[in-house]
Amino acid sequence: MIRADERERLEHDVWATLAGVHDPEIPPCSITDLGIVERVVVTDDAVEVDLLPTFAGCPALDVIREDTEAAVRASADGREVRVRVVFGPPWTSDRITAEGHVALRSYGITPPGASGGPVVIPLASLARSEGTPCPFCGSRTTVLESAFGPTLCRTTHFCRACRNPFEAFKPKTA
Amino acid sequence: MNQNEDPRLVLLLAVADDELIMGHRHSEWTGWAPHIEEDLAFSSIAQDEMAHARLLYGLARESGLTDRDEDAMALGRPPEEYRNAWLCERPNGDWGFTVARQYLYDTADAVRVADLTESSWRELAEIMKLIQLEEKYHADHAVAWFERLAGGPSLTARERFAEGLTAAIGEAIALFEPVPGEDRLVSDGVLPRSNADMLGEWLGHVGQELEAVSLDYVLARHGPVGEMVPTGSGEIPLEASDFQVPGVVRRDGGWIHDGGFAGAGGRRGRHSEDFLPLWEEMTALYRAHPGARW
């Protein structure tokens, strides 16, 4: 029977390990930065990790699961590693940590804004001057090019101030 | 049709098959859309819709309503077991039809999804809450094109959009064809409102938006919903050979449906002439290599 303090230490180690598993589509971000890890439980014979995909159709998920298994196995003390994908509670962009926001910006992706309010992305908004802030120069004189980008979780924009195209992480909140 | 079929399975299939088949049609724009942003948009929406179908097929299995896994549900069923509405299986046609259909489909889906987040079937309600978060982006996409084509400077674009709406509206109404066993689903709270009630809400909403751009005439003049053809091996039963959807009238300042459904459409496993070719292509690999894994 595993002792409580040992379980705690192991779970702590697993979380630390997960902080080193990076999203293949946004390499500077770890899966803990993105809030994809829902639960870590260490039992007598296993380490269980539940992953919560950002979008249900995220194709990077298989890679993330394999990377997670490989990484956790190293700190599992010989226990079996079980990584599950779960869909509840629904992932929201509020789960991205402050470190995640910094990492996203470093990669040229504007982090999602504070939650609240509906997501408004009609093409009519092209005329508005208050756009998503540019991750390079900070200007809000930007336009939405498309609500869909290179991955399901990103939108594409153009900054009129520094004339760079950039991407933003989709706000996803109830 | 199996008389002993659990209505919960029929409900799941109606929603999941709509999403799967709509996703399949959207995916046909990959590489062909008018510009790269739309290529990405339709490819992304397709990816979302198929993922939503997968979640619902998974729920059917977890709930013991089927033995089939998600791949077998999506690709391993005979054509007559698919319960999607005809609207979803129609070929993409031109851009006007594509965006008109996406607008009608996603506005109707939004009504249905919102209702099902209140389902007494807790697992279904949870999945619907997740789906609702993602569908928001599809609705925004549809509205953006609605505004651009209906209100934009190009009369040709407006005309082609109106033609698309005219062609799609009758079969869009059929998204609300009652599912077999619906009375029980409603009395159990699994389906919080009947399809007729949801149709009323949707028509009121769409009617208002179309009226604002003077395109509401498409509502009143929708024609017959299409030719019936047998799917699989079955013959068309007499009563199913003339699938009819309610008409639409303007009354008391709003658009409402008039009359009911007759015959059998997608919710009873009857499809249009466009379904079989789609099914053959969509399932070709799976049928050639049963149980293949990607």
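Calculation rules
- Residues numbered from 1 in each chain as written.
- Chains lettered and ligands numbered in written order.
- Predicted model: local features only at pLDDT ≥ 70, side-chain atom pairs only at ≥ 80, totals over all residues.
- Core = buried A, V, L, I, M, F, W, Y, C linked by C-beta atoms within 7 Å.
- Buried ≥ 20, exposed ≤ 12 C-beta atoms within 10 Å, placed from the backbone.
- Helix = DSSP H or I, 4+ residues; strand = E, 2+ residues; numbered from the N terminus.
- Domains from an automatic or database assignment.
- pLDDT = per-residue confidence, 0-100.
- Contact = placed C-beta atoms within 7 Å.
- Pairing = 2+ DSSP bridges.
- Right-handed = clockwise from strand over helix to strand, strands pointing away.
- Axes fitted to C-alpha atoms, helices over the stretch in contact; angles between N-to-C directions.
- Parallel < 35°, antiparallel > 145°, perpendicular 65-115°, else oblique.
- Nonpolar A, V, L, I, M, F, W, Y, C, P; charged D, E, K, R; others polar.

Some remarks on the nonpolar core
Right, on to step 1. Formed by 112 residues in total, the largest nonpolar core has its most connected members in Leu56, Leu87, Ala168 and Ala172 of chain B.
Right, on to step 2. Here this core gets 13 residues from one element, more than from any other, and that element is helix α2 (residues 36–62) of chain B.
Right, on to step 3. For this core, the two domains that each supply at least three residues are domain 1 (4–91) and domain 2 (108–169) of chain A.

Description of the confidence of the model for chain A
Residue and element names in this part refer to chain A.
Right, on to step 1. Looking at chain A as a whole, the pLDDT averages 89, with 91% of positions reaching at least 70.
Right, on to step 2. No element of chain A has a lower mean pLDDT than strand β7 (residues 142–146), at 90, and none a higher one than strand β4 (residues 46–51), at 97.
Right, on to step 3. Under a pLDDT of 50 for its full length, residues 114–120 has, in the predicted model, 6 contacts with residues more than four places off or in other chains.
Right, on to step 4. Between residues 124–129, whose pLDDT stays under 50, and residues either more than four places distant or in other chains, the model counts 6 contacts.

Notes on the pairing of strand β5 (residues 80–85) of chain A
Residue and element names in this part refer to chain A.
Right, on to step 1. As judged from the 6 bridges shared by β4 and β5, these two strands associate in the parallel manner. When the bridges of β5 are listed, glutamate 48 appears paired with arginine 82.
Right, on to step 2. After leaving β4, the chain enters helix α2 (residues 61–74) and then returns to the sheet as β5, a path that is right-handed.

Looking at the packing of α2 of chain B against helix α6 (residues 122–151) of chain B
All names here are of chain B.
Right, on to step 1. Relative orientation of the contacting elements α2 and α6 amounts to 170°, with a least axis distance of 11 Å. Classified by the angle their axes make, α2 and α6 are roughly antiparallel. When α2 is examined against α6, the residues Ala41, Ile45, Asp48, His52, Leu55, Leu56 and Leu59 are found in contact with a partner set consisting of Glu123, Leu124, Ile127, Ile131, Glu134, His138 and His141.
Right, on to step 2. Here the residues of the contact of α2 with α6 sort into 8 nonpolar, 3 polar and 3 charged.

Notes on the pairing of strand β8 (residues 154–159) of chain A
Residues and elements named next belong to chain A.
Right, on to step 1. In this sheet, β8 lies alongside β7 in antiparallel orientation, the contact comprising 4 bridges. Paired with serine 146 across the two strands is threonine 156, which belongs to β8.
Right, on to step 2. Sheet analysis places β8 next to strand β9 (residues 165–169), joined by 5 bridges and oriented antiparallel. Along β9, the bridge assignment pairs threonine 156 with glutamate 167.

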